[in-house]
Amino acid sequence: MGLTIACVYNDVEVRRHCLDRSIAAAATSGVEVQYLPIDNTTHQFASAGAALNHAVRLAEHDVVVLAHQDVYLHDLPRLAEAAAALDDPDWGVLGSCGLTSSGELVGRLRDRVILIGAPAPAPVEVQTLDEVLLMARRETFLEHPLSEDPLLAWHAYAVEYALRMRALGRRAGAVDTAITHNSLTVNLARLDDAHLHVGDLFPAELPIRTTCGTVTGRRDWRDLPVLRSQRWRRTWLKQSAAAARVHAATGQQVVIADIAHEVDVIDFSHGDPLHLVNADPTGAFARVAGATTVLDRRDRPVVMAATRLDAVADTVAPLSERDHVLVTGLTLCDLPGLWPALSGQRSWLAGVQWGEVWLVGGPSATHLPQEWGRPQAVPLRVG
């Protein structure tokens, strides 16, 4: 099967390091690829929709995959297998991850340094899709182009497209595509405006669940800047209870932090890379994308591997006590079986965020980054 893979980019080095490199590495995979990187470094295109619609018109294959510049494709045959589901005309659009109308995140992928999404080896119907990677048949994109509305310039265009397909009587689905999204930044500029616009366009779908929050169709007083800035306090109280349980299970210092967004505060370097081990309980991601991959974050390498939970300790064991190690994807229930094997290997710092436990081993376990000393990160009653 042939695929056209397109992206709109504003950072050529990021594109070369992630998307380009992964496509080149799969040159012998047997999947024929037409690659269309669309240059927007000079702001030629006013919106992602305009740039990607241009790519669709240049596409030579029946299925067009639209990916972010910072995506790494671990397994092109898996991507082609997922795309083959579009042979069923009921599917209007598919993506790497999306939200069901009940709020379940579907589609297994690595987001920076954590695994997210329920496994979906076959497409699962969702309400909306994330922009990180979406695909449709070329004929579908030509008949129904991506929105070029200025209000959706760089946000929610995949959300809008999934809702539009549903309004046309077709289905939007999330499916496992074996990717890592090596995002370095978070762009929230005008996201609220984009969400409000989507709510205006599809009022019958409200509330609309997206990977960037729930669209209610109105501005909520709780979103006022002065209140939003204090929202962490409620999270802090809830997570402090989880931190106390992790502290009791490990005896280690615990912080509250979303490691996907705060991985860059760990003091790894070009000469001392971060060794990431993603615990993958179901093995859905590890089976196709678990092999060691090295991706840079601001010129600092992260050596990434994913494995079943019962192999985490064996994966960490060969690493030196001086190595920077990050283990993610754990739960409190995993610690009794795993902690005895890990605890004697090196110093550890534990972290919690929304039901997930992560562990940092090595120098950063004893010399905490300054960011993890701020009030939001220090749990109540935990040292």
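Our subject is the structure listed above.
Q: Sorry, what's going on with the overall build of the chain here?
A: The number of helices and strands found in the chain is 13 helices and 23 strands. Taking 21 Å as the expected radius of gyration for a compact globule of 383 residues, we find that the chain reaches 21 Å, a close match to that expectation. With respect to the three principal axes, the spread of C-alpha positions in the chain is 60 × 55 × 40 Å. The burial tally for the chain puts 55% of its 383 residues in the buried class. Considering only contacts in the chain between residues 6 or more positions apart, those separated by 24 or more positions represent 77%.

Q: What is the right way to look at helix α1 (residues 12-25) in this model?
A: Three- or four-residue spacings in an α-helix give side chains the same orientation, since the helix completes a turn every 3.6 residues. Taking the largest bend as the criterion, α1 deviates by roughly 30 degrees, centred on Leu 19. Buried residues along α1 sit against β1 (2-9), β2 (32-39), β3 (63-67), β4 (71-73) and β19 (293-297). Between the side-chain oxygen of the N-cap and the backbone nitrogen of Glu 13 there are 3.1 Å, and the N-cap of α1 in question is Asp 11.

Q: Even after reading the chapter, I still don't get helix α5 (residues 157-167), so can you show me in this structure?
A: Most of α5 sits out of view: nine of its eleven residues are buried. Buried residues of α5: Tyr 157, Ala 158, Val 159, Glu 160, Tyr 161, Ala 162, Leu 163, Arg 164 and Met 165, and no others. Where α5 terminates, the next one or two residues include Gly 169, which has phi positive at roughly 90 degrees.

Q: Even after reading the chapter, I still don't get the pairing of strand β5 (residues 91-95), so can you show me in this structure?
A: Looking down a regular strand, the side chains alternate between one sheet face and the other. With five of its five residues buried, β5 lies for the most part within the structure. With four bridges connecting them, β5 and strand β13 (residues 171-174) associate as parallel partners. In the strand pairing of β13, Gly 95 is matched with Ala 174. Sheet topology note: the β5/strand β12 (residues 133-137) ladder contains two bridges and is antiparallel. Directly across from Gly 95, in β12, lies its bridge partner Leu 134.

Q: For this particular structure, what's the right way to read the pairing of β3?
A: Counted residue by residue, β3 has five buried out of five residues, so it is predominantly covered. Taking every second residue as pointing to the same face, both faces of β3 are buried, with Val 63, Val 65 and Ala 67 on one and Val 64 and Leu 66 on the other. By the bridge criterion, four bridges tie β1 to β3 in an arrangement that is parallel. The partner of Ile 5 across the bridge, within β3, is Val 65. In terms of strand pairing, β3 meets β12 through five bridges, oriented antiparallel. Paired with Leu 66 across the two strands is Leu 134, which belongs to β12.

Q: Explain the environment of Thr 235 here, please?
A: Secondary-structure assignment places Thr 235 in helix α8 (residues 232-250). Residues Thr 235 and Ile 179 lie 56 residues apart in sequence; the distance between their C-alpha atoms is 30 Å.

Q: Any chance you could explain the sheet that holds β19 here in plain terms?
A: Hydrogen bonds between backbone atoms are what pair the strands of a sheet, whose relative direction is either parallel or antiparallel. What the seven strands build is an open sheet, ordered β17-β22-β23-β21-β18-β20-β19; its pairing is mixed. On the outer flanks of this sheet lie β17 (254-256) and β19, each paired with one strand and no other. On average, each strand axis in the sheet is inclined to that of its neighbour by 25 degrees, with strand direction left out of account.

Q: Is there a simple way to think about the nonpolar core in this case?
A: What tends to happen in soluble globular proteins is that the nonpolar side chains get buried as a cluster. Counting residues in hydrophobic clusters, the biggest one holds 51 residues, and the most contacted among them are Leu 3, Leu 73, Leu 79, Met 135, Leu 326 and Trp 372. Tallying contributions element by element places helix α3 (residues 76-83) first for this core, with five residues. Leaving out residues up to four positions away in the same chain, Leu 73 has contacts with Ile 5, Leu 19, Ser 22, Ile 23, Leu 79, Leu 133, Ala 178 and Ile 179. Ala 6, Val 8, Ile 38 and Ala 59 belong to the second largest nonpolar core, which has 30 residues in total.

Parameters and conventions
Residues numbered from 1 in each chain as written. Predicted model: local features only at pLDDT ≥ 70, side-chain atom pairs only at ≥ 80, totals over all residues. Heavy atoms only, no water. Helix = DSSP H or I, 4+ residues; strand = E, 2+ residues; numbered from the N terminus. Rg over C-alpha atoms; globule rule 2.2 N^0.38 Å. Buried < 20%, exposed > 50% of the residue type's maximum accessible area, 1.4 Å probe, protein only. Contact = heavy atoms within 4.5 Å. Bend = angle between axes of the 7 residues up to and from the residue. Polar contact = N/O pair within 3.5 Å; in protein donor to acceptor, adjacent residues only side chain to side chain. Pairing = 2+ DSSP bridges. Axes fitted to C-alpha atoms, helices over the stretch in contact; angles between N-to-C directions. Core = buried A, V, L, I, M, F, W, Y, C linked by side-chain atoms within 4.5 Å.

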